[in-house]
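Architecture at a glance
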There are 2 protein chains.
Amino acid sequence: MDTQLNVFADFDPELSPLHRQCPYLFLGNIDPDLQYSVLQQVERPRFVACDTMNIWIDNKRESLLKPLQKIDLLIINDEEARMLAETANVLQAAKKIMAMGPKRLVIKRGEYGAIMFGPLTIFSVPAFPVEDVFDPTGAGDSFAGGLMGYLANVGLEDEITLRKSVVYGSIMASFNVVDFGVKRLGELTFTEIESRYREFFKITFYGDSGENNAMKFDLLS
Amino acid sequence: MDTQLNVFADFDPELSPLHRQCPYLFLGNIDPDLQYSVLQQVERPRFVACDTMNIWIDNKRESLLKPLQKIDLLIINDEEARMLAETANVLQAAKKIMAMGPKRLVIKRGEYGAIMFGPLTIFSVPAFPVEDVFDPTGAGDSFAGGLMGYLANVGLEDEITLRKSVVYGSIMASFNVVDFGVKRLGELTFTEIESRYREFFKITFYGDSGENNAMKFDLLS
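These numbers come from a predicted model, not from an experiment.

Below, the discussion takes up the sheet that holds strand β1 (residues 24-27) of chain A. Residue and element names in this part refer to chain A. With respect to topology, 6 strands assemble into an open sheet ordered β1-β2-β3-β4-β5-β6, the strand pairing being mixed. Only two strands of the sheet have a single neighbouring strand rather than two, namely β1 and β6 (122-125). Between one strand and the next, the sheet's axes are offset by a mean angle of 15°, whatever the strand orientation. Here 4 bridges tie β1 to strand β2 (residues 47-50), and the two strands are oriented parallel to one another. By the bridge assignment for β2, Y24 is matched with F47. Of the strands in this sheet, β3 (73-77) and β4 (104-108) touch helix α5 (residues 78-85), which is tilted by about 110° from β3.

Our focus in this paragraph is the relation of the copies chain B and chain A. When chain B is fitted onto chain A, the two copies agree to an RMSD of 0.0 Å after a turn of 180° and an axial shift of 0.0 Å. The relationship between the two copies is best expressed as a two-fold rotation axis.

Further remarks concern the interface of chain B and chain A. Facing 40 residues of chain B, the contacting portion of chain A comprises 40 residues. Contributing elements (two or more residues each) for the side of chain B that touches chain A: α6 (90-98), β6 (122-125), α7 (139-154), α8 (159-176) and α10 (190-204) of chain B. Among the elements that take part in the side of chain B that touches chain A, α10 of chain B stands out by supplying 8 residues, more than any other. In terms of residue class, the side of chain B that touches chain A is built from 20 nonpolar, 13 polar and 7 charged.

What follows covers the pairing of β3 of chain A. All names here are of chain A. Judged by how many residues are buried, β3 sits mostly within the fold: 5 of 5 residues are covered. Here β3 shows a buried face lined by L73, I75 and N77 and a second buried face lined by L74 and I76. In this structure, β2 lies alongside β3, joined through 2 bridges in parallel fashion. Paired with A49 across the strands is L73, a residue of β3. Of the strand pairs in this sheet, β3 and β4 are connected by 5 bridges, and their pairing is parallel. Counterpart to I75 in the pairing with β4 is V106.

This brings us to the nonpolar core. The biggest cluster of nonpolar side chains holds 112 residues, and the ones touching the most others in it are A49 of chain A together with A49 of chain B. When near neighbours in sequence (up to four residues on either side) are disregarded, A49 of chain B contacts F26, I71, D72, L73, I75, A144 and M148 of chain B.

Another aspect to go through is the environment of R46 of chain A. All names here are of chain A. In this fold, R46 is placed in the loop between α2 (32-41) and β2. Here R46 falls in the partly exposed class, since 14 other C-beta atoms lie within 10 Å of it. Remark: the alpha-carbon pair of R46 and E211, spanning 165 residues in sequence, is separated by 38 Å. Apart from residues lying up to four places away in sequence, R46 is in contact with P23 and Y24.

This brings us to the sheet that holds strand β3 (residues 73-77) of chain B. Residues and elements named next belong to chain B. Reading across from one edge, β1-β2-β3-β4-β5-β6 is the order of the 6 strands in this open sheet, with mixed pairing throughout. This sheet does not close on itself; its edge strands, each paired only once, are β1 (24-27) and β6. Averaged over all neighbouring strand pairs, the angle between strand axes comes to 15°, with direction disregarded. Against the sheet, helix α5 (residues 78-85) touches β3 and β4 (104-108), its axis set at about 110° to β3.

Residue and element names in this part refer to chain A. Where helix α7 (residues 139-154) contacts helix α8 (residues 159-176), the axes come no closer than 7 Å and their chain directions differ by 140°. One way to sum up the angle between α7 and α8 is to call them oblique. In this structure, α7 crosses over α8, and the sense of that crossing is right-handed. Within the contact between the two elements, α7 uses A139, S142, F143, A144, G145, G146, L147, Y150, L151 and V154 and α8 uses T161, K164, S165, V166, Y168, G169, S170, I171, M172, A173 and N176. A per-class count over the contact of α7 with α8 returns 12 nonpolar, 8 polar and 1 charged.

Scoring rules and cut-offs
Residues numbered from 1 in each chain as written. Chains lettered and ligands numbered in written order. Predicted model: local features only at pLDDT ≥ 70, side-chain atom pairs only at ≥ 80, totals over all residues. Pairing = 2+ DSSP bridges. Helix = DSSP H or I, 4+ residues; strand = E, 2+ residues; numbered from the N terminus. Axes fitted to C-alpha atoms, helices over the stretch in contact; angles between N-to-C directions. Contact = placed C-beta atoms within 7 Å. Least-squares fit on C-alpha atoms with pLDDT ≥ 70 in both. Nonpolar A, V, L, I, M, F, W, Y, C, P; charged D, E, K, R; others polar. Buried ≥ 20, exposed ≤ 12 C-beta atoms within 10 Å, placed from the backbone. Core = buried A, V, L, I, M, F, W, Y, C linked by C-beta atoms within 7 Å. Parallel < 35°, antiparallel > 145°, perpendicular 65-115°, else oblique. Left-handed = near helix turned anticlockwise from the far one by under 90°.

Written out as structure tokens, the structure is:
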């Protein structure tokens, strides 16, 4: 196992005036020094999310802490969360990572779903079940893209909007994995996305908060 | 890795007249021939669930198919589902297992939650996140017990009741794993169970079915 940075080894982007105005910023998993440099160039971002990966967690932990302290949301997978927090349990890992600075944290768990941590909240959601996974390449970036796209579309960052954005992220990833690369996303329509959202709701719905569960506990407790 | 059946090796239970009247029957993961014998002794069970394990899937597959054709619900973990169906993908495995006869199937996925398959429905739900897992022994039976207990308490077997029963199963398992054996369950109160159900609802809630997601797609699609 080896990571070759290729063109990213000497990449040092200078943003155009237009890109400096970008309200929704997603920092892909490049060198955290570059992430920070890009973040500094954007004038007044409304919402900043950030990804990272094993190579930076291992080799540039100090650099990584800089963007982490300035972002609204860190989106990483469970393996990266364990590496970053140096602990196996997802709740313990989340607490440690939240203490590093991000306002929120999403831990992606592949076919098992995702879990989002806020200052006072936890949101856990399964993945959309996919029968024929063909190529998982790009699932993480599809997830982040769906999440950011939904936030940008709605223009809110409240708890429920963020939870829905995680669902949209999960849905975009579920489309992405059924074909090679991003082929499926290229031919995807908004109608298909909305249809899968409703399907996903049906798959995860289990009624109200339990006040009406009709449990006959009175005589027992 | 080795399974010693111990007292179960020569176990051949004969049910009392009272137990033959049992409306809610859960067949634990003993020899499927014994499961079938117990099932035959119960006169008119209202709801029958069944567990199994690797040793029977490997060595007594033919025997196992007999109870499977008579039960309302098979509750197994993901590893057992893969063994039984001889396929890795959870959706493909579920289709194969449903074709073996059970009316419904719950696949438990440990810390990741559970997924229930009905004739026409799928229900997927995460696990209640637990920070300090001490001893997972008995988590599966706690899950089944919580599920069956909720069904017996409510007296219904509709889709939503069954979905809620999976949540109660998951909640009972989440209590069970924090202490040795079934110690925590022995001191558990109904108030704690209901409180965790409401907490679970908060953790999994993300609003409505998406009709009101306020997506501005009109100009785009």
